[in-house]
Amino acid sequence: GGFIPTYWAKVASGTFGGAPILHVHGFFFFTWTLFFLAQTSMVAGGRTADHRRWGVLGVSLATAMAFTVVLAAINSMKVADAAGVGDAARRFSIVSLSALALFLGLFVAAILNVRRPEVHKRLMLLAMIPPMQAAMARPFMVLFSPPGAVGPPPVFVAIPPGLTVDLLIVAAMIHDWRTRGRPHPVYIAGGLLILAQQLLTVPIGQSATWMSVARWVEHLAR
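Values in this document were obtained by computation on a predicted structure and should not be read as measured data.

Novice: In this structure, what is going on with helix H3 (residues 48-82)? I would like to understand it.
Specialist: Given 3.6 residues per helical turn, the α-helix brings residues three or four places apart onto the same face. With 35 residues, H3 extends 50 Å between its outermost C-alpha atoms, agreeing within 8% with the 51 Å of an ideal straight helix rising 1.5 Å per residue. The axis of H3 is deflected most strongly, by about 30°, at Val56. After H3 finishes, the residue Gly84 shows a positive phi value of roughly 85°.

Novice: I'm lost on the packing of helix H2 (residues 20-44) against H3 in this one. Help?
Specialist: How two helices pack is summed up by the angle between their axes together with the distance between the axes. The geometry of H2 relative to H3 is characterised by a closest axis approach of 9 Å and an angle of 155° between their N-to-C directions. Taken together, H2 and H3 sit at an angle that is classed as roughly antiparallel. Here H2 and H3 pass one another in a crossing that is left-handed. Taken together, the residues that form the contact of H2 with H3 break down as 18 nonpolar, 9 polar and 1 charged.

Novice: I keep staring at the pattern of salt bridges and nothing clicks. Help me out?
Specialist: A side chain with one charge can pair with a side chain of the opposite charge if their charged atoms come near. Per the stated rule, a full pass over the model turns up 9 salt bridges. Here Arg215 makes a salt bridge to Asp87, at a shortest N to O gap of 3.1 Å. Here Arg215, found in helix H8 (residues 208-219), pairs with Asp87, found in helix H4 (residues 86-112); they are 128 residues apart in sequence, far enough to count as distant. In this structure Arg215 comes out as partly exposed when scored by relative accessible area, which is 36%. Across the pair Glu118 and Arg122 runs a salt bridge, and its minimum N-O distance is 2.9 Å. With a gap of 4 residues between them, Glu118 and Arg122 both fall in helix H5 (residues 117-144), about one helical turn apart. Under the relative-accessibility criterion, Glu118 is labelled partly exposed at 41%.

About the criteria used
Every chain begins its residue count from 1, and numbering advances along the sequence as written. Local features in a predicted model are, by the rule used here, given only for residues with pLDDT of at least 70; side-chain atom pairs are given and counted only at 80 or more, and totals for whole chains, interfaces and linings are based on all residues. Derived side-chain values reflect all non-hydrogen atoms in the structure, with water molecules and hydrogen atoms excluded from consideration. In this description a helix means any DSSP run of H or I spanning at least four residues, a strand means any run of E spanning at least two, and both kinds are numbered starting from the N terminus. A helix is expected to span 1.5 Å for every residue after the first. Take the seven residues that end at a residue and the seven that start at it, fit an axis to each, and the angle between those axes is the bend at that residue. Convention adopted: a line fitted to C-alpha atoms gives each axis, helices being fitted over their contacting stretch, and angles between N-to-C directions are expressed from 0 to 180 degrees. Throughout this description, any angle smaller than 35 degrees is read as roughly parallel, any larger than 145 degrees as roughly antiparallel, any in the 65 to 115 degree range as roughly perpendicular, and the remainder as oblique. We call a crossing left-handed when the near helix sits turned anticlockwise from the far one by less than a right angle, and right-handed when that turn is clockwise. All amino acids are sorted into three groups, where Ala, Val, Leu, Ile, Met, Phe, Trp, Tyr, Cys and Pro are nonpolar, Asp, Glu, Lys and Arg are charged, and the leftover types, Gly among them, are polar. We define a salt bridge as a side-chain nitrogen of Lys or Arg found within 4 Å of a carboxyl oxygen belonging to Asp or Glu. For every residue, the accessible area obtained with a 1.4 Å probe (protein chains only) is divided by the maximum for its type, and the residue is called buried under 20%, exposed over 50%, and partly exposed between those limits.

See the structure below:
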């Protein structure tokens, strides 16, 4: 739903002008969303064995997603370079690349805890939060972006959409409180980690160190 105004509607009308990698990137992330829904439905329906068998596909899918995030970030930097706002894109790349690192870390932790379902399912829910920030950011961008804006926005504009998505963690913690008497430690530790990633993107993205990292990432395509 978040990508309707900036992607789906434009694809349907033939007005989307992005590079092919953006279609590949969108395909894998949309597939992941459907896969996550299917996996959750299997467990809810008591089909745990099927859930585990299909889990192998999740590892391959997450790997493909990681490559497309990096390639999409490189594409954004190159497009911004052509428009004369390359540094803004390099600074903003901290948002997607740090979210990718967090997603992969939480996903790997979930895979390592497949035999601890109470931990595994909570880590998987937390792993969904970083990718959802991009979808939530699109309605914010459509509603609040100034007319005639060119190039990537400042990094701080990614924080409100991120905090909005974090409310899903709050809802999960409230559910734990009502059913377990207290929030699970995974939600507390993981929630703080996600919050730190969101808030630290601003100072890190402004640093010379990150600009060097972004340029290194950009040069991977050469």
